Amino acid sequence: MDPREIIKKPIVTEKSTRLMEMNKYCFVVDRRASKIQIKDAIETIFNVRVLDVNTMRMLGKLKRMGRHEGRRPNWKKAIVTLEPGSRIEYFEGV
């Protein structure tokens, strides 16, 4: 898979911005991607060295519209730890 298909978008929340201080970054990734594929994609896209990748499968929320129920799609989150001294400049303004 193409690295840009594996990494879908960054997660920018209060918790993820606190994690950036510890050199950890959060991303929404393809559900079929493995940790090794995620590591290679991050290193290719952002030109940084990845130390560790933690992944988790997130269940989609149950939503209601009147009396009809539906569910948001399930997704996968990756928390990527970079080596000391590595930074992703994309997040510096956040």
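So, about the pairing of strand E5 (residues 68-71). Sheet topology places strand E4 (residues 62-65) next to E5; 4 bridges connect them, and they run antiparallel. Counterpart to Met65 in the pairing with E5 is His68. Linking E4 back to E5 in an antiparallel pair, the connection comprises 2 residues, with Gly66 at a positive phi of about 70°.

Among the nonpolar cores identified, the biggest contains 19 residues, and Ile7, Phe27, Ile38 and Ile42 are the most heavily contacted of them. For this core, the secondary structure elements donating two or more residues are strand E2 (24-29), helix H3 (35-46), strand E3 (50-58) and strand E6 (75-82). Ranked by residue count, the leading element in this core is H3, at 4 residues. Apart from the residues lying within four places of it in its own chain, the contact partners of Phe27 are Ile7, Lys9, Pro10, Ile11, Ile42, Phe46, Lys76, Lys77, Ala78, Val80, Ile88 and Phe91. Within the second largest apolar cluster, 5 residues are counted, among which are Ile11, Leu19, Val28 and Ile79.

Its identity as a non-glycine residue notwithstanding, Asn23 has a phi of 65°, on the positive side. Tracing the chain through its elements places Asn23 in the loop between helix H2 (14-20) and E2. Assessed through its relative accessible area of 10%, Asn23 is described here as buried. The backbone of Asn47 shows a phi angle near 55°, a positive value even though the residue is not glycine. Take Asn47: it is sitting in the loop between H3 and E3. Under the relative-accessibility criterion, Asn47 is labelled exposed at 69%.

Under the 1.5 Å per step criterion, the end-to-end length of H3 is 16 Å for 12 residues, consistent within 8% with the ideal 16 Å. Buried within H3 we find Ile38, Ala41, Ile42, Glu43 and Ile45. For H3, the elements touching its buried residues are helix H1 (3-6), strand E1 (7-10), E2, E3 and E6. Looking one or two places after H3, you find Asn47, whose phi comes out positive at around 55°.

Another point: the sheet that holds E1. One open sheet accounts for 4 strands, arranged E1-E2-E6-E3; its pairing is antiparallel. Where the open sheet ends on each side, the last strands, each with one partner, are E1 and E3. Neighbouring strand axes in the sheet, compared pairwise and without regard to direction, differ in orientation by 30° on average. Contacts from H3 reach E1, E2, E3 and E6, with the element oriented near 120° to E3.

What counts, and where the lines are drawn
- Within each chain, residue numbers correspond to sequence positions counted from 1 in written order.
- Under the rules for a predicted model, residues below a pLDDT of 70 receive no local features and side-chain atom pairs below 80 are neither given nor counted, while totals for whole chains, interfaces and linings still include all residues.
- Side-chain descriptors were evaluated using all non-hydrogen atoms of the structure, hydrogens and water having been removed beforehand.
- At least two bridges found by DSSP between two strands are what make those strands a pair.
- By the criteria applied, helices consist of DSSP H or I runs no shorter than four residues and strands consist of E runs no shorter than two, each listed in order from the N terminus.
- Note on terminology: a nonpolar core comprises buried Ala, Val, Leu, Ile, Met, Phe, Trp, Tyr and Cys residues joined through side-chain atoms within 4.5 Å.
- Summary of the burial criterion: residues with accessible area below 20% of their type's maximum are buried, those above 50% are exposed, and those between are partly exposed, where the area comes from a 1.4 Å probe applied to protein chains only.
- The criterion used for residue contact is that any of the two residues' heavy atoms lie within 4.5 Å.
- A helix is expected to reach a length of 1.5 Å times the quantity of its residues less one.
- Whenever a helix is involved, its axis is fitted only over the stretch in contact; in every case the axis is a line through C-alpha atoms, and angles between N-to-C directions fall within 0 to 180 degrees.

Geometric values such as these leave the question of function open.
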